[in-house]
Number of protein chains: 2
Amino acid sequence: MNYKLILQYDGSRYDGWQRQGNTARTIQGKLEGVLSRLAGEPVEVHGAGRTDAGVHALGQVASVKLPGAMPAAEVMACANRYLPEDIAVVDACEADERFHARLAARGKVYRYRLRLGPVPDVFRRKYQFRLEEPLDLEAMERAAALLTGTHDYRSFCADRRYKKSTVRTVHAIEFHRDGPDLAVTFRGTGFLYHMVRILMGTLLEVGRGERDAESMTAVLAAKDRSAAGATAPAQGLTLVEVLY
Amino acid sequence: MNYKLILQYDGSRYDGWQRQGNTARTIQGKLEGVLSRLAGEPVEVHGAGRTDAGVHALGQVASVKLPGAMPAAEVMACANRYLPEDIAVVDACEADERFHARLAARGKVYRYRLRLGPVPDVFRRKYQFRLEEPLDLEAMERAAALLTGTHDYRSFCADRRYKKSTVRTVHAIEFHRDGPDLAVTFRGTGFLYHMVRILMGTLLEVGRGERDAESMTAVLAAKDRSAAGATAPAQGLTLVEVLY
């Protein structure tokens, strides 16, 4: 039976989603460990987004094939019993045999949470990154408007040897300010390696006045990683939702 | 100058509020360390509530006398610069010379956060305690009604040798259910040692059907710790507010 799982995790303690050799400190590795024990044989879990080390998930989606016909609710209950307390399966259903969480994904939503100013939020400190200096939000919104649409995002891709198309559609980059908290939400068809973090890092340079908002068109046109800004820290980034 | 500070902290890593010998792992100890450095001499910080190990604070209040006449905003900024990231001063003002955070407090609000059912909230796991079994909330509310008012709460005090009056007023015990999340808020003039935790532990025994809601009157009348229920875990408890 093929299953679709919705996952939440606090990525702070992990080396990211993707299993790497025999490192046990990945989300995929933890999940495969628990589900392989349940299956009685090694199983492979496919995640929709390969989140970086330290990146969190509110709605990561994974697919996994297990022998037999265990009800999805039972798979979920069993996984939650054995998973560490910073990873949870929050929903599970039976899926079509051909469903593959990554290949079937039609869009993703990522969100950066920033804490502005001198007073940290002690309870959400692991889910936001802090910035003491003021930001010109209006300039950031102008830059964000230029960065949305369908473009070749090669300038925003950390993998210089990436061979496939680097054209993606970013539907929206939305800003939501609530006192000292700023959330920046990225909605798109898909994101290249480190693309959200480089978009955020570049927007921050605009916000600090280090770049003109209007220069974004030239940054895209350069198709060169060195034209864009620094990669923003993984801390504060969450994979919010995967669309199918 | 005497200052009133509003503090937030994630108590997970600490041995509670109160400085103990030369243990550095207390909130009071951390705060006194930072403020003594600022003052250039040892200072003593008085907290309104001596929160237990693992208990959090959203609105703990502390008073401290510092030499000179530094603006309160500067004391706050300096403290936040040197405090660890799980402790923050979120507000500060100059106070009357006679203001003492603990002695002047007229009331306190504590909140327990529980996560019911099999699915943990990975992002709030340190601020709630989990319970898999169902609870009879209606019975808990009936018991809570009997536990509010002005009573001798000796049965709910962990300090058997406590010499002073154990009469307190609990204004309200409120339940707020939101899907799998349950918040139980305790409002009162003051609480004895472990009183909130023993009230919560006793209410949980009612919720599980191990005690009758109606037996609360007899528990109060016994004036004996052994008549009440177990002490609930510190995890999930937060000092929300101190009233003056």
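Conventions we followed
Residues numbered from 1 in each chain as written. Chains lettered and ligands numbered in written order. Predicted model: local features only at pLDDT ≥ 70, side-chain atom pairs only at ≥ 80, totals over all residues. Helix = DSSP H or I, 4+ residues; strand = E, 2+ residues; numbered from the N terminus. Rg over C-alpha atoms; globule rule 2.2 N^0.38 Å. Buried ≥ 20, exposed ≤ 12 C-beta atoms within 10 Å, placed from the backbone. Contact = placed C-beta atoms within 7 Å. Nonpolar A, V, L, I, M, F, W, Y, C, P; charged D, E, K, R; others polar. Domains from an automatic or database assignment. Least-squares fit on C-alpha atoms with pLDDT ≥ 70 in both. Pairing = 2+ DSSP bridges. Expected span 1.5 Å × (residues − 1). Arc of directions from axis to C-beta.

Moving on, we come to the overall build of chain A. Assigned secondary structure in chain A consists of five helices and ten strands. For a compact globule of 244 residues, the expected C-alpha radius of gyration is about 18 Å, and chain A comes in at 19 Å, within 12% of that figure. Seen along its three principal axes, the alpha-carbon backbone of chain A occupies a region of about 60 × 40 × 30 Å. Counting over 244 residues, chain A shows a buried share of 40%.

Turning our attention to the interface of chain A and chain B. Counting residues at the interface gives 17 residues for chain A and 17 residues for chain B. No other element matches the three residues that strand E4 (residues 87–95) of chain A contributes to the side of chain A that touches chain B. For the side of chain A that touches chain B, the class distribution of residues is eleven nonpolar, two polar and four charged.

Attention now moves to the domain arrangement of chain A. Taken domain by domain, chain A consists of domain 1 (2–95) and domain 2 (107–243). A breakdown of the residues in the side of domain 1 of chain A that touches domain 2 of chain A according to their chemical character gives six nonpolar, seven polar and two charged.

The subject of this paragraph is unusual backbone geometry. Residue and element names in this part refer to chain B. The residue histidine 194 is not glycine, and still its phi comes out positive at about 70°. The exposure class assigned to histidine 194 is partly exposed, which follows from the 19 C-beta atoms found within 10 Å. Within the chain, lysine 223 stands out as a residue other than glycine whose phi angle is a positive 50°. Along the chain, lysine 223 turns up in the loop between helix H5 (216–222) and strand E10 (237–243). Here lysine 223 falls in the partly exposed class, since 15 other C-beta atoms lie within 10 Å of it.

Once that is clear, we can look at the relation of the copies chain A and chain B. Rotating chain A by 180° and moving it 0.0 Å along the rotation axis overlays it on chain B with an RMSD of 0.0 Å. Here the transformation between the copies is reduced to the relation of a two-fold axis.

Looking now at the pairing of strand E3 (residues 56–65) of chain B. All names here are of chain B. With seven of its ten residues buried, E3 lies for the most part within the structure. Pairing analysis gives seven bridges linking strand E1 (residues 2–9) to E3, with the strands arranged antiparallel. In the strand pairing of E3, asparagine 2 is matched with lysine 65. When strand E2 (residues 45–47) meets E3, the two strands line up antiparallel, connected through three bridges. Along E3, the bridge assignment pairs histidine 46 with serine 63. In this structure, E3 lies alongside E10, joined through two bridges in parallel fashion. When the sheet's bridge partners are listed, histidine 56 is paired in E10 with threonine 238.

It is worth spelling out helix H4 (residues 195–207) of chain B at this point. Residues and elements named next belong to chain B. Helix length check: H4 (13 residues) gives 18 Å between terminal C-alpha atoms against 18 Å at 1.5 Å per residue, within 8%. Burial analysis of H4 places eleven of its 13 residues in the buried class, the great majority of the element. Those residues of H4 that sit buried are Met195, Val196, Arg197, Ile198, Leu199, Met200, Thr202, Leu203, Leu204, Val206 and Gly207. The inward-facing, buried residues of H4 abut strand E5 (107–116), helix H3 (137–147), strand E9 (181–188), H5 and E10. Directly beyond the C-terminal end of H4, a positive phi value near 85° is found at glycine 209.

What follows concerns the environment of B:Leu182. All names here are of chain B. Locating leucine 182 in the fold gives a position in strand E9. Judged by local crowding, leucine 182 falls into the buried class, with 21 C-beta atoms found within 10 Å. C-alpha of leucine 182 to C-alpha of leucine 137: the two residues are 45 residues apart in sequence and 9.8 Å apart in space. Discounting chain neighbours no more than four positions away, the residues touching leucine 182 are Leu114, Leu116, Phe175 and Arg177.

This paragraph deals with the pairing of strand E1 (residues 2–9) of chain A. Residues and elements named next belong to chain A. Counted residue by residue, E1 has six buried out of eight residues, so it is predominantly covered. Relative to E4, E1 runs antiparallel, the two sharing eight bridges. Within E4, the residue paired with asparagine 2 across the bridge is alanine 95.

This brings us to helix H2 (residues 72–82) of chain B. All names here are of chain B. Listed as buried for H2 are Val75, Met76 and Ala79. Buried residues of H2 fall within an arc of 95° about the axis and therefore sit on the same side. Away from its buried face, by an angle of more than 90 degrees, H2 presents the exposed residues Ala73, Glu74 and Arg81. Summarising the contacts, the buried residues of H2 are in contact with E1, helix H1 (27–39) and strand E4 (87–95).

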